[in-house]
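This is what each chain is made of:
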Amino acid sequence: MRSATSRRRHDREILALAVPAFGALVAEPLFLMADSAVVGHLGTSQLAGLGVASTVLATLTGVFVFLAYATTAAVARRIGAGDRRAAVQQGIDGIWLALLISAGLVVLTLLFAPQAAELLGASDTAAPHAVTYLRISALGIPAILLVLAATGVLRGLQDTRTPLRVAVAGFAVNLLLNLLLVYGAGLGVAGSAWGTVLAQTGMAAVYVVVVVRGARREGAGLRPDAAGIRACARAGGPLLVRTLSLRAVLMLATAVAAGLGDVPMAAHQIVFTIWTFLAFALDAIAIAGQAIVGRYLGASDVPGTREATRRMVEWGLGVGLLLGLLLVLARPLYVPLFTEDPVVREQVSRVLLVIALAQPLGGLVFVLDGVLMGAGDGRYLAWAGIGTLLVFAPVALLVPTLGGGLIALWWAINLFMLARGAFLGGRVLTDRWLVTGAVRS
């Protein structure tokens, strides 16, 4: 039986990490929300094009989220074991890996933007806007991946306040630049892309300064180390598989929505933007889980790991319930911000009811995902990701045939979340993920 004192201790630790982490986690969704709100008033085809482009860009960069997650877990373990210098050094290796990966992604995006838009089913009216946004946004990919890796270093060091400050400043600059370039300079969709690239580059510059100062303070080297970079890549491999499977789900959903027409695709873009924002909000507790679980296991404290996990699950369920209620009650306030098209608004409002029902489940899923990542249980997460994809894909592909439109598609996404919950919950109930020590063998 847990004491009230123990619960309060865990609550303080979770909140101290999760509340600042929320700001950093939602930086990218906030960028997308600002882009969607600004571009949405240009027209339905522009918004549909942004929806396709943002899905491609999020997939290209999002599959490498292990640069943050694997780094958080590895750094936190070394912190728990009392080796701060080695923790920072591992983070530096992750940053160099991010820069190497980004070079190839920039070239691929510039070359294959039209094919990517076509693959996702962009209509003839939406495709030109998607290609324009993609090619400009490619220049911001190095900044995006560098921010991911540097954020992972700071989270592992139990610092989520610095990423919060950077995220708030980045969002403010992004929104201002979007308004100035889209409307003031009359650049349309291109102005939105340039505004986001400039804001992301500024954020990356700040992170470089922070991490370099920390490395010098701890005596860690700044030069690229081939062995360290390879070790980071090997550790991130299973998480790459896990993330690819999740991104495949989201891309398939976008392709199905695009095939339903411009109006459903525009509505899907707005709903997906809101859903992503809520998912990252729930993931704030998961980020706390990564840092806390990694530290406890690094210190070989299994009872502390179990107790903290139980409390984070309770937080995830409670926050999910609250977000679901707010999502429904506040619809008249935020839906009109995204589009002036009454048909799109009506579809958005109906689909939001579907996703609101699954928010408590989402809270559970994201917390358990973070706990297992904090434990370094990447191989299981990879297999679980493949399993959820196999559950979702046939259901989603049947939507156009069986009817139901966008609402049916989002019920399929809820099924996907239920499958994730089953896979992750079953693993946490065992002891196989509880591997202790400074390095997970």
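Residues numbered from 1 in each chain as written. Predicted model: local features only at pLDDT ≥ 70, side-chain atom pairs only at ≥ 80, totals over all residues. Heavy atoms only, no water.

Caption draft 1: Focus on the overall build of the chain. Within the chain, the secondary structure is distributed over 18 helices and zero strands. A compact globule built from 441 residues should have a C-alpha radius of gyration of about 22 Å, and the chain, at 21 Å, falls within 12% of that. For the chain, the C-alpha atoms occupy an extent of roughly 55 × 45 × 35 Å along the three principal directions. Of all 441 residues assigned to the chain, the portion counted as buried reaches 58%. Counting only contacts in the chain whose residues sit at least 6 apart along the sequence, the fraction spanning at least 24 positions is 86%. Of the roughly 17200 Å² of accessible surface on the chain, a fraction of 69% belongs to carbon and sulfur atoms. (Helix = DSSP H or I, 4+ residues; strand = E, 2+ residues; numbered from the N terminus. Rg over C-alpha atoms; globule rule 2.2 N^0.38 Å. Buried < 20%, exposed > 50% of the residue type's maximum accessible area, 1.4 Å probe, protein only. Contact = heavy atoms within 4.5 Å. Areas by Shrake-Rupley, 256 points an atom, 1.4 Å probe, with all protein chains shown as cover.)

Caption draft 2: Spatial organisation of the layout of surface pockets. Looking at the largest pocket, its volume works out to about 600 Å³. Lining the largest pocket we find 22 residues, and of these Ala235, Gly376, Asp377, Gly378 and Arg440 sit closest to its centre. At the level of secondary structure, the elements contributing two or more residues to the lining of the largest pocket comprise helix 4 (66-80), helix 10 (226-259), helix 15 (359-374) and helix 16 (378-397). A class-by-class count of the residues in the lining of the largest pocket yields twelve nonpolar, four polar and six charged. (1 Å grid on protein atoms, 1.4 Å probe; cavity = no way out; pocket = protein on both sides within 12 Å on 5 of 7 lines; lining within 4 Å. Points joined across faces, edges and corners; volume = space filled by probe spheres on them. Nonpolar A, V, L, I, M, F, W, Y, C, P; charged D, E, K, R; others polar.)

Caption draft 3: Structural context of helix 15. Its 16 residues place the ends of helix 15 22 Å apart at the C-alpha level, agreeing with the 22 Å of an ideal helix rising 1.5 Å per residue. Where burial is concerned, most of helix 15 is hidden: 13 out of the 16 residues are buried. Phi turns positive one or two residues past the end of helix 15, at Gly376, with a value near 75 degrees. (Expected span 1.5 Å × (residues − 1).)

Caption draft 4: Focus on helix 9 (residues 189-218). Across its 30 residues, helix 9 extends 44 Å between first and last C-alpha, which sits within 8% of the 44 Å expected from 1.5 Å per residue. Phi for Gly219, located one or two positions after helix 9, is positive at around 80 degrees.

Caption draft 5: Inspection of the side chain of Thr61 at higher detail. Positionally, Thr61 belongs in helix 3 (residues 44-62). Residue class for Thr61 comes out buried when judged on its relative accessible area of 7%. There is a polar contact of 2.9 Å between the side chain of Thr61 and the backbone oxygen of Leu57. Residues in contact with Thr61, not counting those within four places in the same chain, are Ile141, Ile144, Leu145 and Leu148. (Polar contact = N/O pair within 3.5 Å; in protein donor to acceptor, adjacent residues only side chain to side chain.)

Caption draft 6: Spatial organisation of the nonpolar core. Leu67, Leu145, Leu352, Phe392 and Trp410 are the most contacted members of the largest nonpolar core, which totals 135 residues. Sort the elements by how many residues they give to this core and helix 11 (residues 262-298) lands first, with 20 residues. In this structure, Leu145 is in contact with Thr61, Phe64, Leu67, Ala98, Ile101, Ser102 and Leu105, ignoring residues within four places of it in sequence. (Core = buried A, V, L, I, M, F, W, Y, C linked by side-chain atoms within 4.5 Å.)

Caption draft 7: Broad picture of the packing of aromatic side chains. Within this structure, the stated rule accounts for four aromatic pairs. Their ring planes at 70 degrees and their centres at 5.7 Å tell us that Trp275 and Trp410 sit as a pair that is edge-to-face. Of this pair, Trp275 sits in helix 11 while Trp410 sits in helix 18 (residues 405-428); the two residues are 135 residues apart in sequence, bridging distant segments of the chain. On the accessibility criterion, Trp410 (0% relative accessible area) is buried. (Phe/Tyr/Trp six-rings, centres within 6.5 Å; stacked < 30°, edge-to-face > 60°.)

Caption draft 8: The packing of helix 11 against helix 18, seen in detail. Axis separation between helix 11 and helix 18 bottoms out at 11 Å; the angle between their running directions is 30 degrees. One element, helix 11, and the other, helix 18, form an angle in the roughly parallel class. Crossing handedness for the pair helix 11 and helix 18: right-handed. Contacts between helix 11 and helix 18 involve Pro264, Ala267, His268, Val271, Phe272 and Trp275 from the first element and Leu406, Leu409, Trp410, Ile413 and Met417 from the second. (Axes fitted to C-alpha atoms, helices over the stretch in contact; angles between N-to-C directions. Parallel < 35°, antiparallel > 145°, perpendicular 65-115°, else oblique. Left-handed = near helix turned anticlockwise from the far one by under 90°.)

Caption draft 9: Seen up close, the pattern of salt bridges. Under the counting rule described, the total for this entry stands at nine salt bridges. The closest approach of N and O atoms between Arg295 and Glu13, which form a salt bridge, is 2.3 Å. Placement of Arg295 in helix 11 and of Glu13 in helix 1 (residues 4-25) is noted, with a sequence separation of 282 residues between them. Of the residues examined, Glu13 reaches a relative accessible area of 18% and is grouped as buried. (Salt bridge = Lys/Arg side-chain N within 4 Å of Asp/Glu carboxyl O.)

Caption draft 10: Molecular detail of unusual backbone geometry. A positive phi angle is found at Gln158, which is not glycine, with a value near 70 degrees. By secondary structure assignment, the location of Gln158 is in the loop between helix 7 (141-156) and helix 8 (161-184). When its relative accessible area of 24% is taken as the criterion, Gln158 is described as partly exposed. Positive phi is not limited to glycine here, since Ser300 has a value of about 60 degrees. Relative to the helices and strands, Ser300 resides in the loop between helix 11 and helix 12 (302-329).

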